[in-house]
Amino acid sequence: MKARSAVISLMLAGFTAGGSEMLVLALLVRQQQLDALGVSASLIYVGTLVGTGCMGVLGGYLLANLRPSAIGLSSPVLCALAALTAYLTPSGTADFFVAAFVSLVTALDLPNINSTVNSLVSARERSSAFSLLQSSISLLVVIAPIVSAGLILVLGVRLTFLPIAAIYLVSALPWFWMPSQGPHARPRGQEASAYRLIATDSALRTLMIFRLLSNFVYVAIPVTLPFLLSKIADNHGAYVPLQATSLAFLRAGPLAASLIGALLLARNPGYVTTISVVAPLLGAGATVVMAFSQSSYLICACCLLIGFTQYGVRLTGMVLGPSVTPNHRLAEVILASDTIIRLFAACYAAGLVFVFRYPHGEVISLVVAAACCLPAPAFLKGAFISYRNQLSEVKS
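Rules behind the numbers
- Numbering of residues starts from 1 in each chain and follows the order in which that chain's sequence is written.
- Only residues with pLDDT of at least 70 are given local features in this predicted model, and only at 80 or more are side-chain atom pairs given and counted; all residues enter the totals for whole chains, interfaces and linings.
- Processing note: side-chain calculations cover all non-hydrogen atoms of the structure and skip hydrogens and water entirely.
- Note on geometry: axes are C-alpha line fits, over the in-contact stretch for helices, and angles between N-to-C directions span 0 to 180 degrees.
- Under the scheme used here, helices are H or I runs from DSSP no shorter than 4 residues and strands are E runs no shorter than 2 residues, and both carry numbers assigned from the N terminus.
- In these notes the angle categories are as follows: under 35 degrees is roughly parallel, over 145 is roughly antiparallel, 65 to 115 is roughly perpendicular, and the rest is oblique.
- Should the near helix be turned anticlockwise from the far one by less than a right angle, the crossing is termed left-handed; should it be turned clockwise, right-handed.
- A contact between two residues is defined here by any heavy atoms of the two lying within 4.5 Å.
- Aromatic pairs are defined between Phe, Tyr and Trp rings, using the six-membered ring for Trp, whenever the two ring centres lie within 6.5 Å; interplanar angles under 30 degrees are classed as stacked, those over 60 as edge-to-face, and all others as tilted.
- Accessibility here uses a 1.4 Å probe with only protein chains present; expressed as a share of the type maximum, an area under 20% marks a residue as buried, one over 50% as exposed, and anything in between as partly exposed.
- Two N or O atoms count as a polar contact when they lie within 3.5 Å, although within protein this holds only if one can serve as hydrogen donor and the other as acceptor, and sequence-adjacent residues are included solely when both atoms are side-chain atoms.
- For this document, the term salt bridge refers to a Lys or Arg side-chain nitrogen within 4 Å of an Asp or Glu carboxyl oxygen.
- Our working definition of a disulfide is a cysteine sulfur pair at a distance within 2.5 Å.

Caption draft 1: How the structure looks around the packing of helix 12 (residues 271-292) against helix 15 (residues 361-373). Between helix 12 and helix 15, whose axes approach to 9 Å, the crossing angle comes to 165°. Judged on the interaxial angle alone, helix 15 and helix 12 are roughly antiparallel. Both helix 12 and helix 15 take part in a crossing whose hand is left-handed. In contact with P280, A284, T287, V288, A291 and F292 of helix 12, helix 15 contributes V363, L366, V367, A370 and C373.

Caption draft 2: Structural detail: the packing of aromatic side chains. Inspection of the entire model under this criterion finds four aromatic pairs. On the numbers, 4.9 Å between centres and 65° between planes, the contact of F216 with Y348 is edge-to-face. Of this pair, F216 sits in helix 10 (residues 202-232) while Y348 sits in helix 14 (residues 330-355), and the two are 132 residues apart along the sequence. Taken as a pair, F216 and Y348 share a single burial class, namely buried. With a centroid separation of 5.7 Å and an interplanar angle of 15°, the aromatic rings of F344 and Y348 are classed as stacked. Pair noted here: F344 and Y348 are both in helix 14, with a separation of four residues, about one helical turn.

Caption draft 3: Examining the environment of A279 more closely. Inspection of the secondary structure assignment puts A279 in helix 12. Judged by its relative accessible area of 6%, A279 is buried. It is 6.4 Å that separates the C-alpha atoms of A279 and V313, two residues lying 34 residues apart in sequence. Other than its neighbours up to four places away in sequence, A279 contacts Y218, T309, G312 and V313.

Caption draft 4: Seen up close, the environment of F161. The residue F161 is located in helix 8 (residues 157-171) in this model. Owing to a relative accessible area of 0%, F161 belongs among the buried residues under this scheme. Expressed as a C-alpha distance, the spacing of F161 and A26, which sit 135 residues apart in the sequence, is 7.5 Å. Among all residues touching F161, those that are not within four sequence positions of it are L23, A26, L27, R30, A83, A86 and Y87.

Caption draft 5: Geometry of the environment of S20. Structurally, S20 can be placed in helix 2 (residues 15-34). S20 gets classed as buried once you look at its relative accessible area, which sits at 12%. It is 8.5 Å that separates the C-alpha atoms of S20 and A144, two residues lying 124 residues apart in sequence. In contact with S20, other than residues within four places in its own chain, are V102, T106 and Y168. Within polar-contact distance, the side chain of S20 engages the side chain of Y168 at 3.0 Å.

Caption draft 6: Summary view of the pattern of salt bridges. Evaluation of the coordinates by the stated rule reveals four salt bridges. Note that D338 and R211 form a salt bridge whose closest N and O atoms lie 3.0 Å from each other. Linking D338 in helix 14 with R211 in helix 10, this pair joins segments that are 127 residues apart in sequence. K231 is the partner of E362 in a salt bridge, and the nearest nitrogen-oxygen pair spans 2.8 Å. Residue E362 is found in helix 15, and its partner K231 is found in helix 10; the two are separated by 131 residues along the sequence.

Caption draft 7: Spatial organisation of the state of the cysteines. As enumerated under the stated definition, the model contains zero disulfides in all. With no disulfide of its own, C54 has C347 as its nearest cysteine by sulfur position, at a separation of 9.7 Å. Overall, the relative accessible area of 39% leaves C54 in the partly exposed class. Note on C302: no disulfide assigned, nearest cysteine sulfur contributed by C303 at a separation of 7.2 Å. We classify C302 as buried; its relative accessible area is 6%.

In structure tokens, the structure reads:
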């Protein structure tokens, strides 16, 4: 199988990401019908973060012990069964566990697809292959909420779970003709030492603090959004397109930012330091505006800007992380740091829902999140020095 054909096939496998976005929106809308205040809908996002956090702990082991085709085939089938469960058992508790389970399963998909591309594509073609794959998946998660909203308005919430299950099954097809491969190579027995390295190395530790502080905003927004929109929407018919549009803008922000960022960094890689400082500050500002906004248009605009700045924070970790990490420890450090972020996000999101029960809880939570995000750039001094030293070495 040619490398280009494999990449195009794996783009179809990326439909699991689009299916999951559609499933989450359908669950959000159903919970909003059951609880007009939006607290139950916010719990759906908590479920997705809990699932992702759990896979952060299990992911390295599964990738090291399961074949890529086994992961690629089982993940969509399990997600399709979860969608059918949502169709058959419409309840708040069941929806929470469906969201958590689907996020748990699909959190392994992207690393599995990336590792498969990495093994099938030559080093010369790798950058273009990853760019094509990531762009297609990013476009899917932007379009998916709009498609899901259309299905909900035409078929109703419950019947929407059936085409979502079908989309999951379609995404399994490429793995039937993918070349047979063994489990992805992963470092064994070094996970604990990776956590110790993050705790003891000052540059890695401060970069982790930057990511944690920034995530106060980027976790709070999707969890708070159903609660804010429930107060603005006059009825169920207004809530569905509003929730879908805000989600689409939140996903479109990183896609637009990645295109602009690629152009800027191609001209001058040093721009990443400016992006690292500006992104969390703009994200915090947009969060405060959203907290006090009563306009659906302004909330959608803030979602776009927050998604835009979220890409900047992710870019900071991707670019500055390798500059402060020994090359032979990079893989396990990435796995350990992502696990820390995911577990933090799950615990923080669960705490936010309890705050919503108090008067103006959503406003207070967003303002506090923005305040926590503001000092984040101050912790990047060590990473900036290492990165600039590397750029100087390349130039010389």
